[in-house]
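# Coordinate inspection notes
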Amino acid sequence: KRRAAAELAQLPAITTDGVEVHVGANVASIDDAAAAVRAGADLFGLVRTEFLFLGRADAPSVTEQEQVYRELAKTLDGRRIILRTLDVGGDKPLPYVTQAPEANPFLGERGIRLALAHPDLLRDQLRAIAAVAAEYPVSVMFPMVTTVEEVRAARALLKEVAPQPLALEVGIMVEVPAAAAKAAVLAQHVDFFSIGTNDLTQYAMAVDRGNDTVATLADPLDPGVLRLIDLVCRGAGRARVAVCGEIAADPVAVPILLGLGVTELSVAAPVVPLIKARVRELDHAACAAAAVRALSCESAAEVRALVDARTSASA
Ligand code: PEP
Ligand code: MG
């Protein structure tokens, strides 16, 4: 029986009406990568490369990064890995990156802002990513993007270190409400979006993601957040839309996300089989109907009540 479950996990996740959903794993170490493969991940939807940069006195060299990215890609044996460029800032300082003290680090120089302020760091990372992209299907993704200008600047650095055309897809995380609202323009500059609902919810609901006192307000199923996700899906055009925030691992949220137009989910490795199983019991057309209703709900609680996680019905 256990063997059957393990085999099932390796199969694609397809809804009852034939829509395939890619279920990937979020990875923050080589161990995570191995666990993700065992769990049947279709891809690594989010590699948090911070693990290579934190807790050390100097930045990792291009060679060191290249080795780690190559090992990750090798582990997944030909399936796609999405490497997110360094996503740190005032809340996660690095000894080798100088930053002015900030009163509000979550509203300060973090993610792509910090990377663009330290282009040598980003160039080295892009060099390592580009080298591995010549051998394996690798995508690069920039975190905390707010403006088209940031995408242009990041792509210009990529072009600088890898002038030849590369089979390297470029995407951005959608974590800032303004970026969600501008999805249609941002889509002209990227191959895919990955919605980081942890940060998107923090910024949309004005709730510090580490503050327990107001944590109950920070529900990504709040219709205000869902409307932002809807804007991303409707603005995306040919760009793929994924969700890699924690909400992707919530069986109640899955039908709503799929119904809004998300085609890829990325979750912690141990949850991959569960989310694949959830997709297989859903009817995509019913998900779309539920999503429309969810957008007009008053609260996250009402959205949750719409979805009965225990049955195959999603509306
Ligand atoms: C997110 O913000 O939803 C996300 C996936 O990124 P992180 O949790 O690493 O900030
Ligand atoms: Mg984030």
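Calculation notes
- Residues numbered from 1 in each chain as written.
- Chains lettered and ligands numbered in written order.
- Predicted model: local features only at pLDDT ≥ 70, side-chain atom pairs only at ≥ 80, totals over all residues.
- Helix = DSSP H or I, 4+ residues; strand = E, 2+ residues; numbered from the N terminus.
- Rg over C-alpha atoms; globule rule 2.2 N^0.38 Å.
- Buried ≥ 20, exposed ≤ 12 C-beta atoms within 10 Å, placed from the backbone.
- Near = placed C-beta within 6 Å.
- Nonpolar A, V, L, I, M, F, W, Y, C, P; charged D, E, K, R; others polar.
- pLDDT = per-residue confidence, 0-100.
- Core = buried A, V, L, I, M, F, W, Y, C linked by C-beta atoms within 7 Å.
- Contact = placed C-beta atoms within 7 Å.
- Pairing = 2+ DSSP bridges.
- Axes fitted to C-alpha atoms, helices over the stretch in contact; angles between N-to-C directions.
- Parallel < 35°, antiparallel > 145°, perpendicular 65-115°, else oblique.
- Expected span 1.5 Å × (residues − 1).
- Arc of directions from axis to C-beta.

As recorded in an unreviewed UniProt entry, the protein chain goes by Phosphocarrier protein HPr and comes from Nocardia panacis.

It is worth spelling out the overall build of the protein chain at this point. Broken down by element type, the protein chain carries 14 helices and 9 strands. Over its C-alpha atoms the protein chain spans a radius of gyration of 19 Å, differing by no more than 12% from the 20 Å that the globule rule assigns to 315 residues. Each principal axis of the C-alpha atoms in the protein chain carries an extent, and together these give about 50 × 45 × 35 Å. Looking at the 315 residues of the protein chain, the share that counts as buried comes to 46%.

The next point concerns unusual backbone geometry. Within the chain, Asp-77 stands out as a residue other than glycine whose phi angle is a positive 55°. Structurally, Asp-77 can be placed in the loop between α3 (62–75) and β4 (81–84). Positive phi outside glycine occurs at Ala-206, with the angle close to 55°. Topologically, Ala-206 is positioned in the loop between α9 (197–205) and α10 (223–235).

A few words now on the site of ligand 1. Residues in contact with ligand 1, as listed here, are Leu-46, Arg-48, Asp-87, Glu-175, Gly-196, Thr-197, Asn-198, Asp-199, Cys-244 and Gly-245. Contributions of two or more residues to the shell around ligand 1 are made by β3 (44–48) and α9. In terms of residue count, the dominant contributor to the shell around ligand 1 is α9 (3 residues). Residue composition of the shell around ligand 1, grouped by class: 2 nonpolar, 4 polar and 4 charged.

Our focus in this paragraph is the confidence of the model for the protein chain. Summing up the model confidence of the protein chain, the mean pLDDT is 95 and the portion of residues at 70 or higher is 98%. Scored by ipTM, the complex comes to 0.99, with pTM at 0.96.

By size, the foremost hydrophobic cluster in this structure holds 99 residues, and its most contacted members are Phe-44, Phe-193, Val-232 and Ile-256. Looking at this core element by element, the count peaks at 7 residues for helix α5 (residues 119–133). Excluding residues that lie within four positions of it along the chain, Phe-193 makes contacts with Gly-171, Ile-172, Val-174, Ala-183, Val-232, Ala-236, Ala-239, Val-241 and Ala-242.

Mapping Ala-301 onto the fold places it in helix α14 (residues 300–306). Each C-alpha atom, one on Ala-301 and one on Arg-2, is 35 Å from the other, the two residues being 299 residues apart in sequence.

A separate point is the pairing of strand β5 (residues 138–142). Moving residue by residue along a regular strand, the side chains alternate between the two faces of the sheet. For β5, the buried fraction is high: 5 of the 5 residues fall into the buried class. Taking every second residue as pointing to the same face, both faces of β5 are buried, with Val-138, Val-140 and Phe-142 on one and Ser-139 and Met-141 on the other. In this structure, β4 lies alongside β5, joined through 4 bridges in parallel fashion. The partner of Arg-84 across the bridge, within β5, is Met-141.

Further remarks concern the packing of helix α2 (residues 30–38) against α3. Put simply, α2 and α3 touch, their axes get as near as 9 Å, and they point 10° apart. Judged by the angle between their axes, α2 and α3 are roughly parallel. When α2 is examined against α3, the residues Ile-30, Ala-33, Ala-34 and Val-37 are found in contact with a partner set consisting of Glu-71, Leu-72 and Thr-75. Taken together, the residues that form the contact of α2 with α3 break down as 5 nonpolar, 1 polar and 1 charged.

Before going further, it helps to examine the environment of Phe-106. By secondary structure assignment, the location of Phe-106 is in the loop between β4 and α4 (112–117). The spatial distance from the C-alpha of Phe-106 to the C-alpha of Gly-90 is 7.3 Å, given a sequence separation of 16 residues. Beyond its immediate chain neighbours, meaning those up to four positions away, Phe-106 contacts Asp-91, Gln-202 and Asp-208.

A few words on α9. The complete set of buried residues in α9 reads Thr-197, Asp-199, Leu-200, Thr-201, Tyr-203 and Ala-204. Against β6 (169–174), α7 (177–181), β7 (192–195), α10 and β8 (240–243) lie the buried residues of α9. Where α9 terminates, the next one or two residues include Ala-206, which has phi positive at roughly 55°.

Here α3 contains 14 residues, and its C-alpha end-to-end distance of 20 Å stays within 8% of the 20 Å for a straight helix at 1.5 Å per residue. Residues of α3 that are buried: Gln-65, Val-68, Tyr-69, Leu-72 and Ala-73. In an axial view of α3, the angular spread of the buried residues amounts to 135°, which keeps them on one side of the axis. Away from its buried face by more than 90 degrees, α3 exposes Thr-63 and Glu-71.

All right, on to the environment of Val-241 then. With respect to the helices and strands, Val-241 occurs in strand β8. In the structure, Val-241 is positioned 47 residues away from Ser-194 in sequence and 5.9 Å away in space, judged by C-alpha atoms. Apart from residues no more than four positions distant in its own chain, Val-241 is found in contact with Phe-193, Ile-195, Val-232, Cys-233, Ala-236, Gly-261, Val-262 and Thr-263.

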